[in-house]
Amino acid sequence: LVGAGLLLRSFANLQLVTGGFSTPPRQILTMLISPGNRKYKDARAGLAFYDDVLRHARSVPGVETATVTDSLPPDQQGDADTFAIEGQTLAPGELNPIISDITVGPDFFRALGIPLVKGRYFTDHDGQDSVPVAIVSEGFVRRFFPNQEAVGKRIRQSGPGMGNTWMEIVGVVGNVEYLGLTVDTDPAYYMPFAQTYGPRMFLVVRSSSDATRLAAPLRREIQAIDPGVTLAQIGTLEQARTLSVSQPRFDTMLLSLFAGIALLLAAVGIYGLIGYSVAQRTHEIGVRMALGAAQVDVVRMVVRQGVSLAVIGIMLGLGGAFALTRLLKAMLFGIGVTDALAFAAAVLGMMLVVLLATFVPALRATRISPVAALRYE
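Since the model is a prediction, treat every value here as computed from it, not as a measurement.

Novice: Describe in detail the overall build of the protein chain, supporting the description with residues and values.
Specialist: When you go through the protein chain residue by residue, the secondary structure sums to 11 helices and 11 strands. Since a compact globule built from 377 residues should have a radius of gyration of about 21 Å, the 32 Å found for the protein chain marks it as more spread out than a globular shape. Oriented by its inertia axes, the alpha-carbon framework of the protein chain measures out at about 105 × 55 × 30 Å. Classification of the 377 residues of the protein chain by burial places 44% in the buried group. If you take every contact in the protein chain between residues at least 6 apart in sequence, the share linking residues at least 24 apart comes to 80%.

Pasting the structure below:
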(Lines give C-alpha, C1' and ligand atoms only; values in the text may rest on other atoms or scores of the structure.)
Protein backbone atom coordinates (compact mmCIF):
# COMPACT_ATOMS: atom_id res chain seq x y z
CA LEU A 1 0.00 0.00 0.00
CA VAL A 2 2.80 2.41 0.84
CA GLY A 3 4.60 1.59 -2.40
CA ALA A 4 1.44 2.17 -4.44
CA GLY A 5 0.81 5.42 -2.59
CA LEU A 6 4.33 6.65 -3.33
CA LEU A 7 4.02 5.86 -7.03
CA LEU A 8 0.57 7.47 -7.24
CA ARG A 9 1.89 10.63 -5.60
CA SER A 10 4.93 10.57 -7.88
CA PHE A 11 2.81 10.13 -11.01
CA ALA A 12 0.52 12.98 -9.91
CA ASN A 13 3.59 15.23 -9.57
CA LEU A 14 4.78 14.14 -13.01
CA GLN A 15 1.43 15.08 -14.55
CA LEU A 16 1.87 18.64 -13.23
CA VAL A 17 5.16 19.16 -15.11
CA THR A 18 4.52 21.48 -18.06
CA GLY A 19 7.74 20.70 -19.91
CA GLY A 20 8.61 24.41 -20.05
CA PHE A 21 6.05 25.56 -22.63
CA SER A 22 2.64 27.14 -22.08
CA THR A 23 0.80 26.29 -25.32
CA PRO A 24 -1.63 23.40 -24.70
CA PRO A 25 0.17 20.30 -26.07
CA ARG A 26 -2.91 19.11 -27.98
CA GLN A 27 -2.64 22.31 -30.09
CA ILE A 28 0.90 21.50 -31.27
CA LEU A 29 1.38 19.06 -34.15
CA THR A 30 4.86 17.88 -35.09
CA MET A 31 6.30 15.74 -37.86
CA LEU A 32 9.83 14.75 -38.76
CA ILE A 33 10.82 15.79 -42.30
CA SER A 34 13.65 13.87 -43.98
CA PRO A 35 14.34 15.13 -47.52
CA GLY A 36 15.51 12.32 -49.79
CA ASN A 37 17.12 14.49 -52.49
CA ARG A 38 20.86 15.02 -52.01
CA LYS A 39 20.59 18.58 -53.23
CA TYR A 40 19.05 19.51 -49.86
CA LYS A 41 22.36 18.87 -48.16
CA ASP A 42 23.38 22.23 -49.56
CA ALA A 43 22.29 24.91 -47.11
CA ARG A 44 20.85 27.32 -49.67
CA ALA A 45 18.79 24.66 -51.45
CA GLY A 46 17.67 23.23 -48.11
CA LEU A 47 16.65 26.62 -46.69
CA ALA A 48 14.67 27.36 -49.82
CA PHE A 49 12.90 24.01 -49.45
CA TYR A 50 11.97 24.68 -45.83
CA ASP A 51 10.83 28.20 -46.71
CA ASP A 52 8.38 26.56 -49.13
CA VAL A 53 7.32 24.05 -46.46
CA LEU A 54 6.60 26.79 -43.92
CA ARG A 55 4.76 28.94 -46.46
CA HIS A 56 2.53 26.02 -47.47
CA ALA A 57 2.00 24.98 -43.85
CA ARG A 58 0.87 28.47 -42.86
CA SER A 59 -1.68 28.44 -45.67
CA VAL A 60 -3.48 25.40 -44.20
CA PRO A 61 -6.71 26.50 -42.47
CA GLY A 62 -6.38 26.29 -38.69
CA VAL A 63 -2.60 26.77 -38.60
CA GLU A 64 -1.63 29.78 -36.47
CA THR A 65 2.17 29.39 -36.50
CA ALA A 66 4.62 27.11 -38.29
CA THR A 67 8.32 26.66 -37.57
CA VAL A 68 11.11 24.05 -37.53
CA THR A 69 13.46 22.58 -34.93
CA ASP A 70 15.78 19.61 -34.44
CA SER A 71 14.62 18.97 -30.85
CA LEU A 72 11.23 18.61 -29.19
CA PRO A 73 10.04 18.45 -25.60
CA PRO A 74 9.62 16.41 -23.57
CA ASP A 75 12.25 13.85 -24.70
CA GLN A 76 13.48 14.53 -28.24
CA GLN A 77 16.95 16.00 -27.79
CA GLY A 78 18.51 16.73 -31.15
CA ASP A 79 22.17 17.11 -30.25
CA ALA A 80 24.61 17.86 -27.45
CA ASP A 81 28.16 19.09 -27.92
CA THR A 82 30.99 20.95 -26.24
CA PHE A 83 31.08 24.73 -26.31
CA ALA A 84 33.37 27.51 -25.19
CA ILE A 85 32.70 30.90 -23.59
CA GLU A 86 34.70 33.87 -24.82
CA GLY A 87 37.18 35.10 -22.23
CA GLN A 88 36.97 32.00 -20.02
CA THR A 89 40.04 29.80 -19.79
CA LEU A 90 40.04 26.17 -18.76
CA ALA A 91 42.16 24.82 -15.93
CA PRO A 92 44.81 22.25 -16.85
CA GLY A 93 43.06 18.98 -17.69
CA GLU A 94 39.60 20.60 -17.66
CA LEU A 95 37.35 19.95 -20.67
CA ASN A 96 34.74 22.19 -22.25
CA PRO A 97 31.25 21.41 -20.92
CA ILE A 98 28.78 19.37 -22.98
CA ILE A 99 25.19 20.64 -23.13
CA SER A 100 22.23 20.56 -25.49
CA ASP A 101 22.54 22.73 -28.60
CA ILE A 102 19.21 23.18 -30.36
CA THR A 103 18.46 24.54 -33.81
CA VAL A 104 15.14 26.37 -34.17
CA GLY A 105 13.24 28.55 -36.60
CA PRO A 106 12.31 32.16 -35.74
CA ASP A 107 8.79 31.34 -34.48
CA PHE A 108 9.72 28.30 -32.36
CA PHE A 109 9.49 30.02 -28.98
CA ARG A 110 6.21 31.77 -29.81
CA ALA A 111 4.68 28.56 -31.18
CA LEU A 112 5.33 26.62 -27.97
CA GLY A 113 4.81 29.56 -25.63
CA ILE A 114 8.35 29.48 -24.22
CA PRO A 115 8.76 32.70 -22.21
CA LEU A 116 11.36 35.33 -23.10
CA VAL A 117 13.21 36.34 -19.93
CA LYS A 118 15.67 38.87 -21.39
CA GLY A 119 16.73 40.17 -24.76
CA ARG A 120 14.90 39.07 -27.90
CA TYR A 121 13.77 36.07 -29.90
CA PHE A 122 15.28 35.10 -33.26
CA THR A 123 13.90 36.90 -36.30
CA ASP A 124 13.98 36.37 -40.06
CA HIS A 125 16.97 38.74 -40.17
CA ASP A 126 19.16 36.20 -38.34
CA GLY A 127 20.27 34.61 -41.61
CA GLN A 128 23.37 33.20 -43.22
CA ASP A 129 24.87 36.59 -43.95
CA SER A 130 24.14 38.22 -40.57
CA VAL A 131 26.05 38.18 -37.31
CA PRO A 132 25.90 34.67 -35.69
CA VAL A 133 23.63 34.76 -32.66
CA ALA A 134 22.38 32.43 -29.94
CA ILE A 135 19.71 32.30 -27.25
CA VAL A 136 20.36 30.54 -23.94
CA SER A 137 18.10 29.03 -21.29
CA GLU A 138 17.76 30.22 -17.70
CA GLY A 139 19.52 27.04 -16.57
CA PHE A 140 22.44 27.95 -18.85
CA VAL A 141 22.69 31.40 -17.24
CA ARG A 142 22.53 30.02 -13.68
CA ARG A 143 25.29 27.53 -14.44
CA PHE A 144 27.70 29.54 -16.55
CA PHE A 145 26.89 33.21 -15.84
CA PRO A 146 25.84 33.37 -12.17
CA ASN A 147 25.25 36.97 -11.06
CA GLN A 148 26.22 38.18 -14.53
CA GLU A 149 24.46 39.62 -17.56
CA ALA A 150 24.41 36.90 -20.21
CA VAL A 151 23.03 39.00 -23.09
CA GLY A 152 25.95 40.35 -25.08
CA LYS A 153 28.36 37.56 -24.13
CA ARG A 154 29.73 35.31 -26.88
CA ILE A 155 29.94 31.51 -27.11
CA ARG A 156 30.95 29.05 -29.81
CA GLN A 157 30.66 25.37 -30.52
CA SER A 158 33.96 23.66 -29.83
CA GLY A 159 33.43 20.13 -31.13
CA PRO A 160 35.45 18.65 -34.01
CA GLY A 161 34.91 20.53 -37.25
CA MET A 162 32.88 23.30 -35.58
CA GLY A 163 35.24 26.06 -36.69
CA ASN A 164 35.84 29.23 -34.72
CA THR A 165 32.60 31.14 -35.17
CA TRP A 166 31.56 33.13 -32.08
CA MET A 167 27.83 33.59 -31.49
CA GLU A 168 26.50 36.59 -29.60
CA ILE A 169 23.87 35.81 -26.97
CA VAL A 170 20.83 37.95 -27.81
CA GLY A 171 18.23 36.48 -25.47
CA VAL A 172 17.43 34.32 -22.46
CA VAL A 173 14.37 32.02 -22.45
CA GLY A 174 12.72 29.71 -19.92
CA ASN A 175 13.90 26.16 -19.33
CA VAL A 176 12.45 23.36 -21.46
CA GLU A 177 12.69 19.60 -20.85
CA TYR A 178 14.33 17.77 -23.77
CA LEU A 179 15.61 14.78 -21.78
CA GLY A 180 12.31 13.63 -20.28
CA LEU A 181 9.91 15.00 -17.69
CA THR A 182 11.60 13.12 -14.86
CA VAL A 183 15.06 14.55 -15.60
CA ASP A 184 16.31 17.84 -14.22
CA THR A 185 16.33 20.51 -16.90
CA ASP A 186 19.50 20.41 -18.94
CA PRO A 187 21.08 23.82 -19.71
CA ALA A 188 20.75 24.56 -23.41
CA TYR A 189 21.54 27.14 -26.04
CA TYR A 190 19.59 27.75 -29.25
CA MET A 191 20.87 28.64 -32.71
CA PRO A 192 18.88 30.03 -35.67
CA PHE A 193 18.00 27.48 -38.33
CA ALA A 194 19.27 29.72 -41.15
CA GLN A 195 22.74 29.86 -39.53
CA THR A 196 23.03 26.18 -38.53
CA TYR A 197 21.12 24.38 -41.28
CA GLY A 198 20.45 20.65 -41.09
CA PRO A 199 18.34 18.72 -43.65
CA ARG A 200 16.44 16.57 -41.13
CA MET A 201 14.08 18.72 -39.06
CA PHE A 202 10.80 18.63 -37.19
CA LEU A 203 7.98 20.74 -38.55
CA VAL A 204 6.08 22.32 -35.65
CA VAL A 205 2.66 23.89 -36.19
CA ARG A 206 0.38 25.47 -33.62
CA SER A 207 -3.36 25.21 -34.15
CA SER A 208 -6.19 27.20 -32.65
CA SER A 209 -7.77 23.92 -31.48
CA ASP A 210 -7.02 20.19 -31.63
CA ALA A 211 -4.06 19.85 -34.00
CA THR A 212 -4.57 16.20 -34.99
CA ARG A 213 -6.91 17.22 -37.83
CA LEU A 214 -4.04 19.12 -39.48
CA ALA A 215 -1.93 16.02 -40.14
CA ALA A 216 -3.52 15.00 -43.46
CA PRO A 217 -3.58 18.48 -45.11
CA LEU A 218 -0.02 19.22 -43.98
CA ARG A 219 1.17 15.91 -45.40
CA ARG A 220 -0.45 16.74 -48.76
CA GLU A 221 1.08 20.23 -48.85
CA ILE A 222 4.62 19.00 -48.13
CA GLN A 223 4.48 16.11 -50.60
CA ALA A 224 3.18 18.51 -53.22
CA ILE A 225 6.48 20.40 -52.87
CA ASP A 226 8.58 17.23 -53.11
CA PRO A 227 7.02 13.74 -53.27
CA GLY A 228 10.34 12.18 -52.29
CA VAL A 229 10.26 13.68 -48.78
CA THR A 230 9.83 11.18 -45.94
CA LEU A 231 7.43 12.21 -43.16
CA ALA A 232 7.53 10.35 -39.84
CA GLN A 233 6.68 10.67 -36.12
CA ILE A 234 3.50 12.60 -36.87
CA GLY A 235 1.54 13.48 -33.74
CA THR A 236 0.74 16.11 -31.17
CA LEU A 237 2.91 17.05 -28.21
CA GLU A 238 0.10 15.70 -26.03
CA GLN A 239 0.64 12.26 -27.58
CA ALA A 240 4.40 12.60 -27.14
CA ARG A 241 3.89 13.57 -23.50
CA THR A 242 1.59 10.59 -22.92
CA LEU A 243 4.19 8.27 -24.45
CA SER A 244 7.00 9.76 -22.35
CA VAL A 245 5.20 8.89 -19.09
CA SER A 246 4.02 5.45 -20.23
CA GLN A 247 6.61 3.60 -18.12
CA PRO A 248 5.82 5.47 -14.88
CA ARG A 249 2.11 4.98 -15.59
CA PHE A 250 2.61 1.22 -16.09
CA ASP A 251 4.69 0.95 -12.90
CA THR A 252 2.02 2.81 -10.94
CA MET A 253 -0.85 0.75 -12.31
CA LEU A 254 0.99 -2.53 -11.73
CA LEU A 255 1.93 -1.82 -8.12
CA SER A 256 -1.54 -0.37 -7.43
CA LEU A 257 -3.09 -3.57 -8.78
CA PHE A 258 -0.92 -5.69 -6.51
CA ALA A 259 -1.71 -3.41 -3.57
CA GLY A 260 -5.44 -3.70 -4.29
CA ILE A 261 -5.23 -7.50 -4.42
CA ALA A 262 -3.23 -7.53 -1.17
CA LEU A 263 -5.81 -5.27 0.47
CA LEU A 264 -8.64 -7.53 -0.67
CA LEU A 265 -6.84 -10.60 0.67
CA ALA A 266 -6.22 -8.80 3.95
CA ALA A 267 -9.90 -7.90 4.25
CA VAL A 268 -10.99 -11.48 3.53
CA GLY A 269 -8.43 -12.84 5.99
CA ILE A 270 -9.42 -10.45 8.75
CA TYR A 271 -13.11 -11.14 8.19
CA GLY A 272 -12.52 -14.89 8.34
CA LEU A 273 -10.32 -14.65 11.43
CA ILE A 274 -12.74 -12.43 13.38
CA GLY A 275 -15.73 -14.50 12.21
CA TYR A 276 -14.04 -17.67 13.48
CA SER A 277 -13.14 -15.95 16.73
CA VAL A 278 -16.75 -14.85 17.26
CA ALA A 279 -17.96 -18.40 16.62
CA GLN A 280 -15.46 -19.73 19.19
CA ARG A 281 -16.66 -17.17 21.76
CA THR A 282 -20.39 -17.73 21.22
CA HIS A 283 -20.86 -19.16 24.72
CA GLU A 284 -18.90 -16.29 26.29
CA ILE A 285 -20.92 -13.69 24.36
CA GLY A 286 -24.15 -15.38 25.49
CA VAL A 287 -23.05 -15.21 29.12
CA ARG A 288 -22.13 -11.53 28.78
CA MET A 289 -25.48 -10.68 27.19
CA ALA A 290 -27.36 -12.75 29.79
CA LEU A 291 -25.61 -10.74 32.51
CA GLY A 292 -26.75 -7.49 30.90
CA ALA A 293 -24.08 -6.56 28.34
CA ALA A 294 -25.51 -4.19 25.71
CA GLN A 295 -25.18 -4.81 21.99
CA VAL A 296 -22.81 -1.86 21.66
CA ASP A 297 -20.52 -3.46 24.26
CA VAL A 298 -20.36 -6.68 22.26
CA VAL A 299 -19.61 -4.77 19.04
CA ARG A 300 -16.90 -2.78 20.81
CA MET A 301 -15.33 -5.95 22.19
CA VAL A 302 -15.17 -7.69 18.81
CA VAL A 303 -13.94 -4.60 16.93
CA ARG A 304 -11.32 -3.94 19.62
CA GLN A 305 -9.97 -7.44 19.10
CA GLY A 306 -9.65 -6.92 15.34
CA VAL A 307 -8.14 -3.44 15.68
CA SER A 308 -5.57 -4.59 18.27
CA LEU A 309 -4.39 -7.31 15.89
CA ALA A 310 -4.36 -4.82 13.00
CA VAL A 311 -2.28 -2.30 14.94
CA ILE A 312 0.40 -4.95 15.50
CA GLY A 313 0.33 -5.86 11.81
CA ILE A 314 0.42 -2.22 10.72
CA MET A 315 3.45 -1.49 12.91
CA LEU A 316 5.27 -4.47 11.42
CA GLY A 317 4.18 -3.37 7.93
CA LEU A 318 5.42 0.19 8.48
CA GLY A 319 8.82 -1.17 9.52
CA GLY A 320 8.97 -3.23 6.35
CA ALA A 321 7.81 -0.26 4.27
CA PHE A 322 10.51 2.03 5.67
CA ALA A 323 13.11 -0.59 4.77
CA LEU A 324 11.83 -1.61 1.33
CA THR A 325 10.61 1.67 -0.18
CA ARG A 326 14.27 2.61 -0.73
CA LEU A 327 14.06 0.24 -3.71
CA LEU A 328 11.52 2.62 -5.29
CA LYS A 329 13.76 5.69 -5.04
CA ALA A 330 14.74 5.66 -8.72
CA MET A 331 11.06 5.45 -9.74
CA LEU A 332 9.86 8.45 -7.72
CA PHE A 333 9.53 12.05 -8.86
CA GLY A 334 9.02 15.07 -6.63
CA ILE A 335 8.72 13.12 -3.34
CA GLY A 336 10.96 11.15 -1.01
CA VAL A 337 10.72 7.49 -0.07
CA THR A 338 9.39 8.45 3.37
CA ASP A 339 6.59 10.70 2.12
CA ALA A 340 4.31 11.26 5.13
CA LEU A 341 1.10 11.47 3.09
CA ALA A 342 1.67 8.10 1.40
CA PHE A 343 2.43 6.41 4.72
CA ALA A 344 -0.54 8.05 6.46
CA ALA A 345 -2.91 7.10 3.62
CA ALA A 346 -1.74 3.48 3.77
CA VAL A 347 -2.30 3.32 7.54
CA LEU A 348 -5.73 4.95 7.36
CA GLY A 349 -6.74 2.78 4.41
CA MET A 350 -5.70 -0.37 6.25
CA MET A 351 -7.54 0.67 9.41
CA LEU A 352 -10.68 1.38 7.41
CA VAL A 353 -10.53 -2.09 5.88
CA VAL A 354 -10.03 -3.60 9.34
CA LEU A 355 -13.03 -1.76 10.74
CA LEU A 356 -15.23 -2.87 7.85
CA ALA A 357 -13.97 -6.46 8.04
CA THR A 358 -14.59 -6.69 11.80
CA PHE A 359 -17.89 -4.81 11.91
CA VAL A 360 -19.88 -7.53 10.09
CA PRO A 361 -18.86 -10.36 12.50
CA ALA A 362 -19.37 -7.97 15.43
CA LEU A 363 -22.87 -7.10 14.25
CA ARG A 364 -23.64 -10.77 13.82
CA ALA A 365 -22.48 -11.45 17.38
CA THR A 366 -25.07 -9.02 18.74
CA ARG A 367 -27.84 -11.08 17.19
CA ILE A 368 -26.93 -14.20 19.18
CA SER A 369 -29.74 -15.27 21.53
CA PRO A 370 -28.40 -15.60 25.09
CA VAL A 371 -30.44 -18.78 25.57
CA ALA A 372 -29.07 -20.34 22.39
CA ALA A 373 -25.57 -19.18 23.22
CA LEU A 374 -25.66 -20.73 26.69
CA ARG A 375 -26.56 -24.08 25.12
CA TYR A 376 -23.72 -23.72 22.52
CA GLU A 377 -20.96 -26.29 22.80
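Still more to cover.
Novice: Mind laying out the pattern of salt bridges, listing which residues take part and the relevant values?
Specialist: Here the structure, examined in full by the defined rule, presents 10 salt bridges. For Arg55, the salt bridge goes to Asp52, with nearest N and O atoms at 2.2 Å. Placement of the pair is Arg55 and Asp52 together in helix α2 (residues 43-58), with a separation of 3 residues, close to one helical turn. Glu64 serves as the salt-bridge partner of Arg206, at 3.1 Å between the closest nitrogen and oxygen. In this pair, Arg206 sits in strand β10 (residues 201-207) while Glu64 sits in strand β2 (residues 63-69), placing the two residues 142 residues apart along the sequence. Among the charged side chains, a salt-bridge network with shared partners connects Arg58, Asp107 and Arg110.

Novice: With reference to specific residues and values, describe the side chain of Ser10.
Specialist: Checked against the element boundaries, Ser10 lands in helix α1 (residues 2-15). In contact with Ser10, not counting residues within four places along its chain, are Met331, Leu332, Phe333 and Ile335.

Novice: Explain helix α5 (residues 215-225) to me, using residue names and the numbers behind them.
Specialist: Buried within α5 are the following residues: Ala215, Pro217, Leu218 and Ile222. Of the surrounding elements, those touching the buried residues of α5 are β1 (28-34), α2, β10 and β11 (230-236).

Novice: Please give an account of the nonpolar core that cites residues and values.
Specialist: One finds Leu6, Ile285, Val302 and Ala365 to be the most contacted residues of the largest nonpolar core, which totals 32 residues. Among the elements of the structure, α1, α7 (246-280), α8 (282-290), α9 (295-324) and α10 (340-366) are those that each provide at least two residues to this core. The element contributing the most residues to this core is α10, with 10 residues. Each residue touching Leu6, except ones within four places of it in the same chain, is listed here: Thr325, Leu328, Leu332, Ile335, Gly336, Val337, Asp339 and Ala342. Ile33, Phe193, Met201 and Leu231 belong to the second-largest nonpolar core, a separate cluster that totals 26 residues.

Novice: Lay out the packing of α7 against α9 with the relevant residues and their values.
Specialist: Contact pair α7 / α9: the axes reach a minimum separation of 11 Å and the direction vectors enclose 135°. As summarised for this structure, α7 and α9 are arranged oblique, according to the angle between their axes. Judged by the twist between their axes, the crossing of α7 over α9 is right-handed. Across from Leu273, Ile274, Ser277 and Val278 in α7, the residues of α9 making contact are Val302, Gln305, Gly306 and Leu309. Split by residue class, the contact of α7 with α9 holds 5 nonpolar, 3 polar and no charged.

Novice: Can you explain the environment of Ile274? Please cite residues and give values.
Specialist: Relative to the assigned elements, Ile274 resides in helix α7. Residue Ile274 is classed as buried on the basis of its relative accessible area, which comes to 1%. Sequence separation of Ile274 and Gly180 is 94 residues, and the distance between their C-alpha atoms is 49 Å. Aside from chain neighbours lying at most four places away, what touches Ile274 is Val302, Gln305, Gly306, Thr358 and Pro361.

Novice: Give me the lowdown on the packing of aromatic side chains, citing residues and values where you can.
Specialist: One pass over the structure, following the stated rule, counts 18 aromatic pairs. Where Phe83 meets Tyr189, the ring centres are 5.7 Å apart and the plane angle is 50°; that geometry is what we call tilted. Within this pair, whereas Phe83 is found in strand β3 (residues 80-85), its partner Tyr189 is found in strand β9 (residues 188-192), the two being separated by 106 residues in sequence. Overall, Phe83 belongs to the buried group, its relative accessible area being 0%. Taken together, the ring pairs connect Phe108, Phe109, Tyr121, Phe122, Tyr178 and Tyr190 into an aromatic cluster. Across the ring face of Trp166, the terminal group of Arg156 is positioned such that the distance to the ring centre comes to 5.0 Å.

What counts and what doesn't
Residues numbered from 1 in each chain as written. Predicted model: local features only at pLDDT ≥ 70, side-chain atom pairs only at ≥ 80, totals over all residues. Heavy atoms only, no water. Helix = DSSP H or I, 4+ residues; strand = E, 2+ residues; numbered from the N terminus. Rg over C-alpha atoms; globule rule 2.2 N^0.38 Å. Buried < 20%, exposed > 50% of the residue type's maximum accessible area, 1.4 Å probe, protein only. Contact = heavy atoms within 4.5 Å. Salt bridge = Lys/Arg side-chain N within 4 Å of Asp/Glu carboxyl O. Core = buried A, V, L, I, M, F, W, Y, C linked by side-chain atoms within 4.5 Å. Axes fitted to C-alpha atoms, helices over the stretch in contact; angles between N-to-C directions. Parallel < 35°, antiparallel > 145°, perpendicular 65-115°, else oblique. Left-handed = near helix turned anticlockwise from the far one by under 90°. Nonpolar A, V, L, I, M, F, W, Y, C, P; charged D, E, K, R; others polar. Phe/Tyr/Trp six-rings, centres within 6.5 Å; stacked < 30°, edge-to-face > 60°. Lys NZ or Arg CZ within 6 Å of the ring centre and 35° of its normal.

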